[in-house]
Amino acid sequence: MGWLWAIIVGFVLGLIAKAIIPGKQHSPLWLTTIFGMLGAIAGNALARAAGVEATSGIDWTRHAFQLIAAIIIVALGDMLYMATLGKRKQHT
């Protein structure tokens, strides 16, 4: 069940990050989901480092860290995707 939640959270974070980033992102949906999962993991680590491990109720601070990390990872990942695979797809 843990993997299912990781995929769902990664999917949602990736889509929100894509919506926030200006311009068009060219990475496919499956890659955006993976970027969102990585953002959730990185955001959790950053929140833990900032001393926000567990709070009562909804943990908005941890979610903010996750979203910011997902935005950065989706933006960088899309640039890397376009620099490698994206250009080959445009020329064919």
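In case you missed it, the structure is sitting above this.
Residues numbered from 1 in each chain as written. Predicted model: local features only at pLDDT ≥ 70, side-chain atom pairs only at ≥ 80, totals over all residues. Heavy atoms only, no water.

Draft legend 1. Fine view of the packing of helix 1 (residues 2–20) against helix 2 (residues 29–49). Axis separation between helix 1 and helix 2 bottoms out at 6 Å; the angle between their running directions is 105°. Judged on the interaxial angle alone, helix 2 and helix 1 are roughly perpendicular. For the pair helix 1 and helix 2, the contacting residues are Trp3, Ala6, Ile7, Val9, Gly10, Phe11, Leu13, Gly14, Leu15 and Lys18 in the first and Leu29, Thr32, Thr33, Gly36, Met37 and Ala40 in the second. (Axes fitted to C-alpha atoms, helices over the stretch in contact; angles between N-to-C directions. Helix = DSSP H or I, 4+ residues; strand = E, 2+ residues; numbered from the N terminus. Parallel < 35°, antiparallel > 145°, perpendicular 65-115°, else oblique. Contact = heavy atoms within 4.5 Å.)

Draft legend 2. How the structure looks around the side chain of Thr33. Mapped onto the elements of the fold, Thr33 is located in helix 2. Owing to a relative accessible area of 12%, Thr33 belongs among the buried residues under this scheme. (Buried < 20%, exposed > 50% of the residue type's maximum accessible area, 1.4 Å probe, protein only.)

Draft legend 3. Representation of a nonpolar patch on the surface within the structure. A cluster of nonpolar side chains, Leu4, Trp5, Ile8, Val9, Phe11, Val12, Leu15, Ile16, Ile20 and Leu29, forms an exposed patch at the surface whose accessible area comes to about 840 Å². By residue number, the principal contributor to the nonpolar patch is helix 1, which donates nine residues. (Patch = residues over 30% accessible without salt bridge, like charges linked within 9 Å, V, L, I, M, F, W, Y side chains within 5 Å. Areas by Shrake-Rupley, 256 points an atom, 1.4 Å probe, with all protein chains shown as cover. Salt bridge = Lys/Arg side-chain N within 4 Å of Asp/Glu carboxyl O.)

Draft legend 4. Highlighting the nonpolar core. In terms of nonpolar packing, the biggest core is built from ten residues, these being Leu13, Ala17, Ile21, Leu31, Phe35, Ala40, Ala70, Val74, Tyr81 and Met82. Those elements giving two or more residues to this core turn out to be helix 1, helix 2 and helix 3 (60–91). The biggest single contributor to this core is helix 3, with four residues. For Phe35, the residues in contact, after removing those within four places along its chain, are Ser27, Ile73, Val74, Gly77 and Asp78. (Core = buried A, V, L, I, M, F, W, Y, C linked by side-chain atoms within 4.5 Å.)

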